[in-house]
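# Understanding the architecture of this molecule
Residues per chain are reported as follows:
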Amino acid sequence: MTTATQAPSTAPAAAPPSPAAQSSAPAPALPSLTGLRWMAAVLVFGLHVHNFRYFGGTGGRLVSWGFEAGASGVSFFFILSGFVLMWSARPGDRAPRFWWRRVARIYPVHLVTVVLALVMAFTLPRQPRPTLPQGLADVFLVHSWWRPWWQTLDPVSWSLACEAFFYAAFPLLALLLRRLGGRGATALAALSVLAVLALAWTDAHHWWDQPISSFPAARLPEFVLGAATARLVLLGRWRGPGLEASLALAVIGYFLVPQVTDDYAATACTLMGFAVLIPAAAQADLRGLPSLWRRRGLVRLGELSFAFYMVHLLVLRAGTHLLGTRPRFDLLTGTAAALVAFTVSLGLSWLLYEGVEGPARRLLLRLPARRRAAA
């Protein structure tokens, strides 16, 4: 996952940076994208509450209606990741430095959740215990390439394996996009959309031996689409709808998901809505237009969203030893149980952010500077 900003909740009015300006100054912060990250994390949390069957009866139907499509939050993360990395890419940046910044961003929290998952696996009953090859594949973020291992240890880390693949490819993608003008970036975005639609069709028609929703190469077009739209915004060539219309398209796509088959095909429903919502939110920040997602509270929650995403499923798994598996509570009891799980997850995410994610990232980013100074 990537962060869009650490900026305050009010953004100054500004025009999109020109390519010339981009070469001499960092791109402006986009706090609305950070706020949107939190909403995507909440969708994934709601999906997992639904999957753990906290609610029965009317409550179960309501949660299913609201969060059955929550896996689309991961698709949003993939598109957003491409957008933010292209937006903040440093001209002349070398690939090893970029990769090191990505390691500093995601690896400390990943390692902590690996340890937590291992402790749970060997201390709590009925928890899956990984083999040594499975555990190593998870630690090095290659487990999503082999479907039987894709949910080893902390199950949500499958998306980090996809992100690791995206990061590996990004320097080449950024080089390509910098050589393309507006038409070239538009063509690449269109090819990405077509690739997602083609993969969704083949997956729905069982052309593949196994589901491809967690296969890193199959999720790459979403990342490329995000990067291409960021390039269009940087060039001042984005012509998409405004924030309100984009949000409406994203919501419509979200509620279309239950009408299609599961897994990868659902990505096609939300792709266009997310692909226009992200640059629309960026444009709102750049131009100083009103944006709900720029509010200070949402931006702060967005900063915690990566840690929240990584820890919440471990909390829900641990909760099965108190609540039982698939308890199907009534509406009031299920809401109380879900709120407790949410509060615990949010508290742990704050601890991870303040105690691990931020300090470890600052420490790791200082190491290359110290080596250069010593040299």
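Residues numbered from 1 in each chain as written. Predicted model: local features only at pLDDT ≥ 70, side-chain atom pairs only at ≥ 80, totals over all residues. Heavy atoms only, no water.

### Description of the packing of helix 9 (residues 216-234) against helix 11 (residues 267-287)
Where helix 9 contacts helix 11, the axes come no closer than 10 Å and their chain directions differ by 30°. In terms of axis orientation, helix 9 runs roughly parallel to helix 11. Of the two elements, helix 9 crosses helix 11, and the hand of that crossing is right-handed. Side by side, helix 9 and helix 11 meet where R219, E222, L225, T229 and V233 of the first sit next to T267, L271, A275, P279, Q283 and L286 of the second. Broken down by class, the residue content of the contact of helix 9 with helix 11 amounts to six nonpolar, three polar and two charged. (Axes fitted to C-alpha atoms, helices over the stretch in contact; angles between N-to-C directions. Helix = DSSP H or I, 4+ residues; strand = E, 2+ residues; numbered from the N terminus. Parallel < 35°, antiparallel > 145°, perpendicular 65-115°, else oblique. Left-handed = near helix turned anticlockwise from the far one by under 90°. Contact = heavy atoms within 4.5 Å. Nonpolar A, V, L, I, M, F, W, Y, C, P; charged D, E, K, R; others polar.)

### So, the packing of aromatic side chains
Under the defined criterion, the tally for this structure stands at 21 aromatic pairs. On the numbers, 6.2 Å between centres and 10° between planes, the contact of F83 with W87 is stacked. Of the two residues, F83 and W87 are both situated in helix 4 (residues 72-88); the distance of four residues between them amounts to about one turn of the helix. For the pair F83 and W87, a shared accessibility class is recorded, and that class is buried. Aromatic pair F170 and F223: ring centres 6.2 Å apart, planes at 80°, arrangement edge-to-face. Taken together, the residues span a long stretch of sequence, with F170 in helix 7 (residues 158-179) and F223 in helix 9 at a distance of 53 residues. Linked through ring pairs, F78, F98, W145, W150, W158, F165, F166, Y167, F170, F215 and F223 together constitute an aromatic cluster. We note R102 situated over the ring of Y167; from NZ or CZ to the ring centre the distance is 5.3 Å. Sitting above the plane of the W150 ring, R147 keeps its charged end 4.1 Å from the centroid. (Phe/Tyr/Trp six-rings, centres within 6.5 Å; stacked < 30°, edge-to-face > 60°. Buried < 20%, exposed > 50% of the residue type's maximum accessible area, 1.4 Å probe, protein only. Lys NZ or Arg CZ within 6 Å of the ring centre and 35° of its normal.)

Such coordinate-based values are descriptive only and should not be taken to indicate function.
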